[in-house]
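Residue-level structural notes
Now for the letters of each chain:
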Amino acid sequence: MSGALQAAQGGFLDLFPAGAQLTRLAGDFTWTEGPVWIPARGCLVFSDVRQNRTWRWTPGHGLAGGTGLEEEMNPSHHQNGHCLDAQGRLIACSHGDRAVLRQEEDGRWTTLAAEWQGRRLNSPNDVALHPDGSLWFSDPTYGIDKPEEGYGGEMEQPGRFVYRIAPDGTLSCPIQDRHKPNGLAFLSASELLLADTGDNSATHLYRVDGSRAEYVREAFRVDQGKTDGLRVDAEGRIWSSAGDGVHVLTPDGKELGRILVPETVANLCFGGADGTDLFMTATSGLYHLPTRVQGW
């Protein structure tokens, strides 16, 4: 078993096949983010927000065989987080466009959300699909505040919120009480995890009902760096990015163990042919680790 795995509770190592090894698939990036596996294309798409590009990684003969790396979009208008919608189309959060976009079958991009109450969004950061087909996204100001992550501009919204795009395209704003809302993932159809990367960084739990969200409690906080992106597996375990890699937690926020990565992990996703491959975007590198679980 890889020395990258550090168990905090019994059963953690059972989440990985015998001999599982952490592999660096690609490198020389600046700040990798937003990984998403696209089953229809058999590839992973991820962002280098600060190089203003997105990349495509396709497995060859085995996940570690060859580089498998090709440029996907240049410029990417500082895309950050991605997910797939209910029809399997790529959804992107664009710092540069200050919008949430959908890629159509012919490659064109359709704007799903760019304004709220007549004012431009800040810089959509991460996005997650709810089982009802709605898309929830966070809107901090990193693309405005950091010249290397966007095109600048003025903040027009009165705060940094979380929005919901209904299946019919209607935009609402269910969460308005966070400092710097960032990564988000659904723990269940009625529970949303939301990472706040503000000074007092933690991940929070909200109860979701349609277009409404009610604050419940702090769910957890990592003790190395901050939670940026996170995912939930099919058994409800939480896989959180952190300064030292990925922390794996029970649904109620108790640490099971850690995947130690030699760079700060910004985000992660499950993918591969059977959905059990864990991909991690970590500062300058793209990493992979086989698991025995699937994403939710």
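Above this note sits the structure.
Anyway, here's the lowdown on the structure attached to this text.

Quick notes on the rules
The residue count restarts for each chain, going from 1 along the sequence in the order it is written. Local features are withheld for residues below a pLDDT of 70 in this predicted model, meaning they are given only at 70 or higher, and side-chain atom pairs are given and counted only at 80 or more; totals for whole chains, interfaces and linings count all residues. As a convention, hydrogens and water are excluded, and side-chain values are obtained from all of the structure's heavy atoms. Only protein chains enter the accessibility calculation, which uses a 1.4 Å probe. A residue is then buried if its area is under 20% of the maximum for its type, exposed if over 50%, and partly exposed in between. Segments assigned H or I by DSSP are reported as helices when at least four residues long, segments assigned E as strands when at least two residues long, and all are numbered from the N terminus. When DSSP finds at least two bridges between two strands, those strands are taken to pair. It only takes one pair of heavy atoms within 4.5 Å for two residues to be counted as in contact. Two N or O atoms count as a polar contact when they lie within 3.5 Å, although within protein this holds only if one can serve as hydrogen donor and the other as acceptor, and sequence-adjacent residues are included solely when both atoms are side-chain atoms. Angular values range over 0 to 180 degrees, each being the angle between N-to-C directions of two axes fitted as lines to C-alpha atoms, with helices fitted over their stretch in contact.

Attention now goes to the pairing of strand 3 (residues 32-38). With seven of its seven residues buried, strand 3 lies for the most part within the structure. As paired strands, strand 3 and strand 4 (residues 43-48) are joined by five bridges and run antiparallel to one another. Residue pairing across strands places Glu33 opposite Ser47, the latter belonging to strand 4. Two successive antiparallel strands, strand 3 and strand 4, enclose a turn made up of four residues, where Gly42 displays a positive phi of approximately 60°.

Along the chain, the position of Arg24 falls in strand 2 (residues 23-26). Overall, Arg24 belongs to the partly exposed group, its relative accessible area being 43%. When near neighbours in sequence (up to four residues on either side) are disregarded, Arg24 contacts Glu263, Ser284, Gly285, Leu286 and Tyr287. Among the polar contacts made by the side chain of Arg24, one reaches the side chain of Tyr287 at a distance of 3.2 Å.

If you trace the four strands from one edge of the open sheet to the other, you get 17-18-19-20, paired in antiparallel fashion. The open sheet has two edge strands, strand 17 (181-188) and strand 20 (212-220), and neither has a second partner. The sheet shows a mean angle of 30° between the axes of neighbouring strands, direction not considered. Sheet analysis places strand 18 (residues 191-196) next to strand 19 (residues 202-209), joined by six bridges and oriented antiparallel. In the sheet register, Glu191 faces strand 19, and the bridge partner there is Arg207.

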